[in-house]
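# Structural description and commentary
Okay, here's what each chain looks like letter by letter:
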Amino acid sequence: MAQAIGALVSAHGGGVWSIRVPIPDNPLGHTLVYLLDTDSGPVLVDTGWDDPASWDTLVAGLAECGAAVADVRGVLITHHHPDHHGLSARVRDASGAWIALHEADAHVVRRTREYPPARWYDYMADKLTAAGAPAAHVAPLLAARDAGRTPNLPSLALPDRTITPGELLDLPGRRLRAIWTPGHTPGHVCLHLEEDHPAGLRGSGRLFSGDHVLPGITPHIGLYEDPDDTTVTTVTDPLGDYLDSLEQLGRLGVAEVLPAHQYAFPGARARVRELLTHHEQRLDGLCALLTEPRTPWQLAERMEWNRPWADIPYASRNIAVSEAEAHVRRLVKLGRAEAVLGPGPVAYTATE
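The sections below set out a description of the structure shown in this document. (Residues numbered from 1 in each chain as written. Predicted model: local features only at pLDDT ≥ 70, side-chain atom pairs only at ≥ 80, totals over all residues. Heavy atoms only, no water.)

## Some words on helix 8 (residues 268-289)
To be explicit about the condition: Helix and strand definitions here come from DSSP, where helices need a minimum of 4 consecutive H or I residues and strands a minimum of 2 consecutive E residues; each element is numbered from the N-terminal end. One fewer than the residue count of a helix, multiplied by 1.5 Å, yields its expected span. Note on classification: 1.4 Å probe, protein chains only; a residue is buried when its accessible area is under 20% of the maximum for its type, exposed when over 50%, partly exposed between these limits. Think of the arc as the fan of directions from the helix axis to the C-beta atoms. It only takes one pair of heavy atoms within 4.5 Å for two residues to be counted as in contact.
Taking 1.5 Å of rise per residue, 22 residues should cover 32 Å, and helix 8 covers 32 Å from first to last C-alpha, within 8% of that figure. By the burial criterion, the buried members of helix 8 are Ala268, Arg271, Val272, Leu275, His279, Arg282, Leu283, Leu286 and Cys287. Across the axial projection of helix 8, the buried residues extend over an arc of 165 degrees, all falling on one side. Within helix 8, the exposed residues directed more than 90 degrees away from the buried face are Arg273, Glu280, Gln281 and Ala288. Residues of helix 8 that are buried sit in contact with helix 7 (238-252), strand 12 (256-259), helix 9 (296-302), helix 10 (314-333) and strand 14 (347-350).

Listed below in structure tokens is the structure:
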């Protein structure tokens, strides 16, 4: 089990440490960046947010582990979000380390870097309008587009390697296998350390779970679509992807989960059951709201969040609407809800 060895670092045994890298102005507080010792040198699992204080913390944390940034041989990214992938470029510049990411998330990184700002504002405005957002909420996006402002999107590093699901990663002296766990992002991966637990806990090794399984909070499940992809013929179902991925991890029976936020914990199967139950209850609650037709925005206004809707900031409302739509898409997929045809934003109603 974890043992604090300094202000920033915990030792998890068996050549694994975690470093608490802060996320500026975020209630999560920090990302747990893991250092995995290998026969060719240290490898990181995630890197943290691209911020000067976060960088200084990562450097100091590596020093507490007896390493330096220049020693890092590789970076394994669980998913593309900036609190995980943000510092990867700086690590690579300082060490020559390779960066590895699942292709689906690498595509998102390329898309984010290449699309013109106006395309992003148009896409967000169209999505929110279709979800039933009021014109006053959409107006700031259109104003920013018309003023030529650049959206505040982080410039994330392009990877050097692709993480292939099911592969045993090329890490000398370690057995680390990639598991594709879409849901939070299309290319989210968990990393299964197929080695005996150093403290003798019973189970199938340890799991670097990224944001897929956290001990006390549920990850955001929103929409992931390419605004310019005309080849997609089916509507994505990210919540269905997430639930399927959870079931897969539950069958692993790992001894301990090493998540990217909060703290390491045993009892993976029990936590998976809690998460499955949480989403089942949320789907039931949405069905109750759909006794009359409602848009994703109207659903989000009525769903239970960590604060009242009136207190949710602008950007967080966009995230909430995306999550509401991900859940209603699952209901449609299950045959428990259907779209109501008509002019204006798409509304949904329960079929039960």
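Having put the structure on the table, let's press on.
## Regarding the side chain of His261
Quick reminder of the rule: Under the rule applied, a polar contact is a pair of N or O atoms within 3.5 Å (in protein, one hydrogen donor and one hydrogen acceptor; residues adjacent in sequence only if both atoms are side-chain atoms).
Note that His261 resides in the loop between strand 12 and helix 8. Owing to a relative accessible area of 1%, His261 belongs among the buried residues under this scheme. Within the structure, the side chain of His261 is placed 2.9 Å from the backbone oxygen of His30, a separation counted as a polar contact. Not counting chain neighbours up to four residues away, the residues in contact with His261 comprise Ile23, Leu28, His30, Thr31, Leu32, Asp83, His84, Asp211, Leu214 and Pro215.

## What to know about the sheet that holds strand 11 (residues 206-210)
Our working rule: When DSSP finds at least two bridges between two strands, those strands are taken to pair. Axis geometry follows a simple rule: fit a line to the C-alpha atoms, using only the stretch in contact for helices, then measure angles between N-to-C directions, giving values from 0 to 180 degrees.
The four strands lie next to each other as 9-10-11-12, forming an open sheet whose pairing is mixed. This sheet does not close on itself; its edge strands, each paired only once, are strand 9 (176-180) and strand 12. Going across the sheet, the axis of each strand differs from the next one's by a mean of 25 degrees, ignoring polarity. Inspection of the sheet shows strand 9 paired to strand 10 (residues 189-193) by five bridges, in the antiparallel sense. From the neighbouring strand, Ile179 faces strand 10, where its bridge partner is Cys190. Against the sheet, helix 7 engages strand 9, strand 10 and strand 11, with an angle of about 150 degrees to strand 9.

## Some details on the sheet that holds strand 1 (residues 3-4)
Strand order in the open sheet formed by eight strands is 1-2-3-4-5-6-7-8, and the pairing between neighbours is mixed. Of all strands in the sheet, those with a lone pairing partner are strand 1 and strand 8 (161-162), marking the two edges. Bridge count for strand 2 (residues 9-11) against strand 3 (residues 16-22) is three bridges, and the pairing is antiparallel. Across the sheet, residue Val9 finds its bridge partner in strand 3, namely Ile19. Together, strand 5 (43-45), strand 6 (74-76) and strand 7 (98-101) form the strand contacts of helix 3 (residues 88-95), whose direction differs from that of strand 7 by roughly 150 degrees.

## A few points about the nonpolar core
What counts here: By nonpolar core is meant a set of buried Ala, Val, Leu, Ile, Met, Phe, Trp, Tyr and Cys residues that side-chain atoms within 4.5 Å join together.
Judged by nonpolar contacts, the single largest core of 42 residues is most densely connected at Tyr242, Leu246, Leu290, Trp309 and Leu331. The set of elements that each furnish at least two residues to this core consists of helix 5 (117-130), helix 6 (135-146), helix 7, helix 8, helix 9 and helix 10. Those residues within four positions of Leu246 in sequence are excluded, and the remaining contacts are His212, Val213, Val272, Leu275 and Leu276. Ile19, Val33, Val109 and Ala157 belong to the second-largest nonpolar core, a separate cluster that totals 27 residues.

## Examining the packing of helix 7 against helix 8
How we decide: Every angle not falling under 35 degrees, over 145, or within 65 to 115 is termed oblique; those three ranges are roughly parallel, roughly antiparallel and roughly perpendicular. Each helix crossing is assigned a hand: it is left-handed if the near helix lies turned anticlockwise from the far helix by less than a right angle, otherwise right-handed if that turn is clockwise.
Across the interface, helix 7 lies against helix 8 with an axial gap of 9 Å and an inter-helix angle of 155 degrees. On the basis of the axis angle, helix 7 is roughly antiparallel to helix 8. The chirality of how helix 7 crosses helix 8 is left-handed. Where helix 7 approaches helix 8, its residues Leu239, Tyr242, Leu243, Leu246, Glu247, Gly250, Arg251 and Leu252 are matched on the opposing element by Arg269, Val272, Leu275, Leu276, His279 and Leu283.

By themselves, these figures tell us nothing about what the structure is for.
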